[in-house]
Amino acid sequence: MAIARSLLAGALGGALLLTSCIGTRPSRGEEGEVEVAWASGVLGCIFGCNADEPMVAGGRAYLMVTNDEELPAFTVESDTPSLMSATRADEESSTVILEASGSGRAKVVFRDAGSGEVFDRFLIYIHDVDRIELQDDELFRDAFTLMVGGDATIYFDLRDTKDHYLQGIGGLTYELSGAITEDQLTLVDAIAEALVDILAGSNNESVAIEALGVGEGAVVASAPSGASRTIPVRVVDAAAITRVEVFGESEPAKVGSPYSLNADAFAGDEEVRSPECAWSIVPADGGVELRPGRSTATLEAAAPTSATVTCTIGGVSGSLEVEFGA
């Protein structure tokens, strides 16, 4: 398995992923005291998720106690610690962290912190992975392609034999295959990300990829059940870029407000993730401030004006004219 040289800061890209539980009511414990829901990214379950879906065997899942303010101070534990552990993220947190070593079922036990009495239980189903799906089935044509120096994250949907969506991260391991090596590609799994990322608490399985050198091969995602998925990958440099497109926000640019630009790059028909632009602006002294990033840029103007902004990669460029209105 590829060893991470660094935990990619912000590699989740700020993605606020929400699972199919949106729009449903929280689940209740056996005694009806506790209301719980699976966490879904930084937004938690403010849209009303439930906890009916099973969690992934061999992984970690985040369970939110949505009515914790209505409950007495409480502790949690598992009734089957050999299969699943249950701990609160901290004494004040509404998040319960579950770790499952295999498949089966176990209950989260809720105790009054003062009296030690059990006041509710919630049953967790833990299932093996039968199928590994890409969350975005149009993620690539022939190979997931990145530009040297860039990073990107691939998200997965895990399903059991009955097509249930499996909640949790860490149910997969990742390794490189083919000619590509750790000198060209670094992998960081979702649990390693969660150790340092502010979005910790997401149940969306993922692997972050950092492109270090030009090469081609595959990333193989595998579950203890034997299920696997191979993702062809390619790392390219500027010489491979054949087309660049620059686009801005859907709303018009306004004086005094930042206006964001993004650049998409392609190698033939394949989108290249995390391209590195050399940004330029014409006129250079026309009153529009350009703040460049890797594949993004921000513009700001103090008075009505217009400018043309260009992203150049190798010998290929893409431009966009931006007009700032009052």
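Residues numbered from 1 in each chain as written. Predicted model: local features only at pLDDT ≥ 70, side-chain atom pairs only at ≥ 80, totals over all residues. Heavy atoms only, no water.

Caption draft 1: Up close: the sheet that holds strand β19 (residues 253-254). Taken together, the four strands give an open sheet; going across it, the order is β19-β26-β25-β22, and neighbouring strands pair in mixed fashion. Where the open sheet ends on each side, the last strands, each with one partner, are β19 and β22 (278-282). Across two bridges, the pairing between β19 and strand β26 (residues 316-325) is parallel. The partner of Ala 253 across the bridge, within β26, is Phe 324. (Pairing = 2+ DSSP bridges. Helix = DSSP H or I, 4+ residues; strand = E, 2+ residues; numbered from the N terminus.)

Caption draft 2: Summary view of the environment of Tyr 125. For Tyr 125, the location among the structural elements is in strand β9 (residues 118-127). Excluding its chain neighbours within four sequence positions, the residues that come into contact with Tyr 125 are Pro 54, Met 55, Gly 104 and Arg 105. (Contact = heavy atoms within 4.5 Å.)

Caption draft 3: Structural detail: the environment of Asp 160. Secondary-structure assignment places Asp 160 in the loop between β12 (151-159) and β13 (173-177). Apart from residues no more than four positions distant in its own chain, Asp 160 is found in contact with Pro 54, His 127, Asp 128, Asp 130, Arg 131 and Leu 166. A polar atom in the side chain of Asp 160 sits 2.9 Å from the backbone nitrogen of Lys 162. Reaching out from Asp 160, the side chain makes a polar contact with the backbone nitrogen of His 164 at a distance of 2.7 Å. (Polar contact = N/O pair within 3.5 Å; in protein donor to acceptor, adjacent residues only side chain to side chain.)

Caption draft 4: View of the state of the cysteines. Counted by the stated rule, this structure contains one disulfide. Linked covalently through their sulfurs, Cys 277 and Cys 311 form a disulfide whose S-S length is 2.1 Å. Torsion about the S-S bond of the Cys 277 and Cys 311 cystine: about -85°, corresponding to left-handed handedness. With Cys 277 in the loop between β21 (270-273) and β22 and Cys 311 in strand β25 (residues 305-313), this residue pair connects regions lying 34 residues apart in the sequence. (Disulfide = S-S within 2.5 Å.)

Caption draft 5: Quick peek at the pairing of strand β2 (residues 35-38). Of the two faces of β2, the one lined by Glu 35 and Ala 37 and the one lined by Val 36 and Trp 38 are each fully buried. Bridge count for strand β1 (residues 27-28) against β2 is two bridges, and the pairing is antiparallel. Bridge assignment links Arg 28 to a residue of β2, and that residue is Glu 35. Taken together, the three bridges between β2 and strand β4 (residues 60-65) define a ladder with antiparallel strand orientation. Note on β4: the bridge partner recorded for Trp 38 is Leu 63. (Buried < 20%, exposed > 50% of the residue type's maximum accessible area, 1.4 Å probe, protein only.)

Caption draft 6: Highlighting the pattern of salt bridges. The final tally for this structure, using the stated rule, is 13 salt bridges. Arg 294 is paired through a salt bridge with Glu 276; the nearest N and O atoms lie 3.6 Å apart. One end of the pair, Arg 294, is in the loop between β23 (288-292) and β24 (296-301); the other, Glu 276, is in the loop between β21 and β22, with 18 residues separating them in the sequence. Judged by relative accessible area, Glu 276 falls into the partly exposed class, the value being 41%. (Salt bridge = Lys/Arg side-chain N within 4 Å of Asp/Glu carboxyl O.)

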